[in-house]
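# A closer look at the structure
Listed below are the residues making up each chain.
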Amino acid sequence: MSGPPPSTATTAPGLELRELECFLVLSEELHFGRTGERLYVSQSRVSQLLRSLESRIGARLVDRTSRRVRLTPLGEEFRTSLRPAYDALRATVERARSAARGIEGRLTIGFQGTADDRIMQAIDAFQARHPGCATEIVEIPLCDPFGALRRGTVDVAVTLLPVAEPDLTLGPVFSAQQQTLALSVRHPLASRTALTAEELTAVALISPGDPAPAYWRAVHAPAVTPQGRAIPAGPRVSTLQEGLTLTAAGRGGMLLCRPTADYHGRRDLVFVPVTGLPDSVLGLVHHTARETARVRAFRTAVTESATAEVEVTTTEITTTTVRAELTNDTAAATRVS
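Residues numbered from 1 in each chain as written. Predicted model: local features only at pLDDT ≥ 70, side-chain atom pairs only at ≥ 80, totals over all residues. Heavy atoms only, no water.

### Topic: the overall build of the chain
In terms of regular secondary structure, the chain is built from ten helices and 13 strands. Looking at the chain as a whole, 43% of its 337 residues are labelled buried. Restricting the contact set of the chain to residue pairs at least 6 apart, pairs at least 24 apart contribute 73%. Carbon together with sulfur atoms contributes 55% to the accessible area of the chain, which is approximately 17600 Å² in total. (Helix = DSSP H or I, 4+ residues; strand = E, 2+ residues; numbered from the N terminus. Buried < 20%, exposed > 50% of the residue type's maximum accessible area, 1.4 Å probe, protein only. Contact = heavy atoms within 4.5 Å. Areas by Shrake-Rupley, 256 points an atom, 1.4 Å probe, with all protein chains shown as cover.)

### A closer look at the pattern of salt bridges
Throughout the structure, instances matching the rule amount to 23 salt bridges. Across the pair Arg56 and Glu16 runs a salt bridge, and its minimum N-O distance is 3.9 Å. Here Arg56, found in helix α3 (residues 43-57), pairs with Glu16, found in the segment before α1 (17-29); they are 40 residues apart in sequence, far enough to count as distant. Judged by its relative accessible area of 40%, Glu16 falls in the partly exposed class. In this structure, Arg150 engages Asp167 in a salt bridge whose closest nitrogen and oxygen atoms are separated by 2.8 Å. Taken together, the residues Arg150 in helix α6 (residues 147-151) and Asp167 in the loop between β5 (156-160) and β6 (168-173) connect sequence positions 17 residues apart. (Salt bridge = Lys/Arg side-chain N within 4 Å of Asp/Glu carboxyl O.)

### Description of the nonpolar core
Counting 45 residues, the largest nonpolar core has Leu107, Ile119, Phe126, Met254, Leu256, Phe271 and Phe298 as its most contacted members. Counting residues per element, this core draws most heavily on helix α10 (residues 293-336), which supplies five residues. Beyond its immediate stretch of four places on either side in the chain, Phe126 contacts Ile103, Leu107, Cys133, Thr135, Arg294, Ala297, Phe298 and Ala301. In terms of nonpolar packing, the next biggest core, distinct from the first, is built from 18 residues, Phe23, Leu26, Phe32 and Leu53 among them. (Core = buried A, V, L, I, M, F, W, Y, C linked by side-chain atoms within 4.5 Å.)

### Here's the deal with helix α8 (residues 240-248)
For α8, every residue scored as buried is listed here: Leu240, Gly243, Leu244, Leu246, Thr247 and Ala248. The inward-facing, buried residues of α8 abut β7 (179-184), β9 (205-208), β10 (233-237), β11 (254-257), α9 (258-263) and β12 (269-275). Just beyond α8, the residue with positive phi is Gly250, at close to 80°.

### Quick look at the layout of surface pockets
Reported here for the largest pocket is a volume of approximately 1100 Å³. Contributing to the lining of the largest pocket are 33 residues, with Arg83, Asp87, Arg90, Ala289 and Arg290 lying nearest its centre. Within the residue set of the lining of the largest pocket, elements represented by two or more residues are α1, α2 (32-39), α4 (73-101) and α10. With eleven residues, α4 is the largest single contributor of residues to the lining of the largest pocket. Here the lining of the largest pocket is composed, by residue class, of 15 nonpolar, four polar and 14 charged. (1 Å grid on protein atoms, 1.4 Å probe; cavity = no way out; pocket = protein on both sides within 12 Å on 5 of 7 lines; lining within 4 Å. Points joined across faces, edges and corners; volume = space filled by probe spheres on them. Nonpolar A, V, L, I, M, F, W, Y, C, P; charged D, E, K, R; others polar.)

### A look at the sheet that holds β12
Pairing between the strands of a sheet comes from backbone hydrogen bonds, and it takes one of two forms, parallel or antiparallel. A sheet is described by the order of its strands in space; here four strands give the open sequence β8-β12-β7-β11, paired in mixed fashion. Where the open sheet ends on each side, the last strands, each with one partner, are β8 (195-196) and β11. Here β7 pairs with β11 via four bridges, running antiparallel. Among the inter-strand pairings, Leu181 is bridged to a residue of β11, identified as Leu255. (Pairing = 2+ DSSP bridges.)

### Focus: empty space enclosed by the protein
One pass over the structure, following the stated rule, counts one cavity of 30 Å³ or more. In this model, the largest cavity occupies a volume close to 240 Å³. Looking at the largest cavity, it is lined by 19 residues, and the ones nearest its centre are Leu142, Leu160, Leu255, Leu256 and Cys257. At the level of secondary structure, the elements contributing two or more residues to the lining of the largest cavity comprise β9 and β11. Sorting elements by how many residues they give to the lining of the largest cavity places β11 first, with four residues.

### Quick word on the confidence of the model for the chain
Per-chain confidence: the chain averages 86 in pLDDT, with 85% of residues scoring 70 or above. The model gives residues 1-12 a pLDDT under 50, and that stretch makes 23 contacts with residues more than four places away or in other chains. Low confidence marks residues 310-337, where pLDDT is under 50. Its contacts with residues over four positions away, or in another chain, come to zero contacts. (pLDDT = per-residue confidence, 0-100.)

### Quick word on the packing of α2 against α3
Relative to each other, α2 and α3 sit at 95°, their axes nearing to 8 Å. Put simply, α2 runs roughly perpendicular to α3. Facing α2, whose interface residues are Phe32, Gly33, Thr35 and Gly36, α3 presents Gln43, Val46, Ser47 and Leu50. (Axes fitted to C-alpha atoms, helices over the stretch in contact; angles between N-to-C directions. Parallel < 35°, antiparallel > 145°, perpendicular 65-115°, else oblique.)

### A closer look at unusual backbone geometry
Residue Pro162 is bonded to the preceding Leu161 through a cis peptide linkage, with omega at 15°. Position of Pro162 relative to the elements: it lies in the loop between β5 and β6. Cis geometry marks the peptide bond from Asp210 to Pro211; its omega dihedral reads 10°. Here Pro211 shows up in the loop between β9 and α7 (214-220).

Next comes the structure, spelled out in structure tokens:
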């Protein structure tokens with residue numbers, strides 16, 4: 001029950017991390033029973049830890065009645081100040097532990113849509129450099145690009161951009177890829193070799209459903225063309241395969257990057273390049289508060305892989321340009337002779 005704040009006369013020196021952890025979890029759950037379950041302690045132990053912390057501070061942080069639990073104004077302020085400091089302390093300890101034992105354990109990598117050659121090359125490079133760390137690769141639902149990171153079921157995720165989440169950190173990005181429009185082979189536009197963004201008004205766009213953020217869905221299934229013309233909305237889907245199946249059934253079209261289109265080629269679909277839209281980009285994302293030595297090592301592998309990809313692409317472009325110039329020079333010399 002709510003009551004007078006603890007007496008400052010009982011405030012003890014020092015700092016107990018378990019008390020701070022208990023307070024932060026309680027501030028999220030606002031329920032003593034669920035807090036105990038998350039911390040694997042009894043409800044009475046949660047109360048004891050909270051009273052001890054309040055005694056150290058000399059004021060009440062939580063108001064508890066028979067109907068609800070809520071933070072006091074001081075509790076709100078304390079939580080806001082404590083969270084980044086506590087996360088930084090945990091990360092520091094984790095970095096020290098990882099440095100002491102090397103990169104080992106298990107790294108779970110999530111991906112959206114297709115784990116193509118670019119992703120697999122980064123994983124291979126990480127595995128070769130850190131053989132003591134096992135890797136698991138799991139698919140992330142198209143409709144939930146960030147949920148697995150927040151739940152802790154993956155350590156890192158290769159997701160489609162944009163990423164504008166305050167608790168997540170965007171690391172290296174892969175090279176941009178042109179957008180294509182997946183269509184049923186029976187669609188009137190299926191015979192086209194290319195489309196402009198303005199022609200999307202003739203297609204109902206299939207989009208990822210909830211809980212994907214609205215700003216993220218708007219990029220991958222825009223509601224208007226660059227010139228502001230309305231694009232019909234198609235069904236919302238949970239997975240890429242669901243979207244491709246509905247596309248094949250003629251329920252609409254679906255925007256996909258070129259590598260994903262190439263990987264998922266099938267006889268009942270065509271993938272038509274679309275000009276006038278921003279390119280599709282994948283990026284490596286992790287939970288800011290859960291950065292570990294494994295995450296940093298994999299981020300390095302992705303950075304190096306992405307850099308190598310750009311260098312190879314640049315070399316290919318340069319080689320093609322040189323060949324074209326030589327061909328033109330030869331043709332010009334032939335005409336002169």
